[in-house]
Amino acid sequence: MKGQCVCGETAFTVTLKDHNVHVCHCSICRRQTSGVIMTVDTVQGSLNFDKQKYLSVYSSSDWGERGFCNACGTNLFWRTKDHSYCNINVFSLEEAPEDLRLDMEIYIDNKPEFYSFSNRTQKMTEAEVVALFSSDQ
């Protein structure tokens, strides 16, 4: 699949692991997006940038890093520093699969009370997410 940032200066190809959409309620994602970020998992090693002059990557935790276009600010991906796991902003895809399904919310204990999703999802707390990724280190 192909994807890009808002301005088109950062573009990529990727293979999706599946079509399950994950929502993150962590404070960093909410600050970046003024809401939640919705992501899909990628096949390991499949995220390749065709245009990357404006691609920036920064360390956002002991085990994770975030990628974005520094020309327009579009959030593009989150991945582990060892690149064993990566997800992308589902809305950065040029054509999203028709069968996308919201299936998981992470950092659920960080979610503000004033919004919620109506469909049923798997929910993981901050401690569960941290344990999942920090145990890989």
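As a reminder, the structure under discussion sits directly above these lines.
Here goes a summary of the coordinates provided. Being a predicted model, the structure only gives us computed values, none of them experimental. (Residues numbered from 1 in each chain as written. Predicted model: local features only at pLDDT ≥ 70, side-chain atom pairs only at ≥ 80, totals over all residues. Heavy atoms only, no water.)

What follows deals with the pairing of strand β8 (residues 75-80). The element β8 is largely enclosed, with a buried count of six among its six residues. Inspection of the sheet shows strand β7 (residues 64-69) paired to β8 by five bridges, in the antiparallel sense. Paired with Glu65 across the two strands is Arg79, which belongs to β8. With three bridges connecting them, β8 and strand β9 (residues 86-89) associate as antiparallel partners. Across the sheet, Arg79 pairs through a bridge with Cys86, a residue of β9. Here β8 folds back onto β9, and the loop between the two strands holds five residues, one of which, His83, carries a positive phi near 65°. (Buried < 20%, exposed > 50% of the residue type's maximum accessible area, 1.4 Å probe, protein only. Helix = DSSP H or I, 4+ residues; strand = E, 2+ residues; numbered from the N terminus. Pairing = 2+ DSSP bridges.)

This brings us to the sheet that holds strand β2 (residues 11-13). Judged by pairing direction, the sheet is antiparallel, and its three strands sit side by side in the order β1-β2-β5 without closing on themselves. Edge positions in the open sheet fall to β1 (2-4) and β5 (48-51), since each of these has one partner strand only. When the angles between neighbouring strand axes are averaged without regard to direction, this sheet yields 30°. One ladder, built from three bridges, connects β1 with β2; its direction is antiparallel. Bridging across to β2, Gly3 finds its partner in Phe12. (Axes fitted to C-alpha atoms, helices over the stretch in contact; angles between N-to-C directions.)

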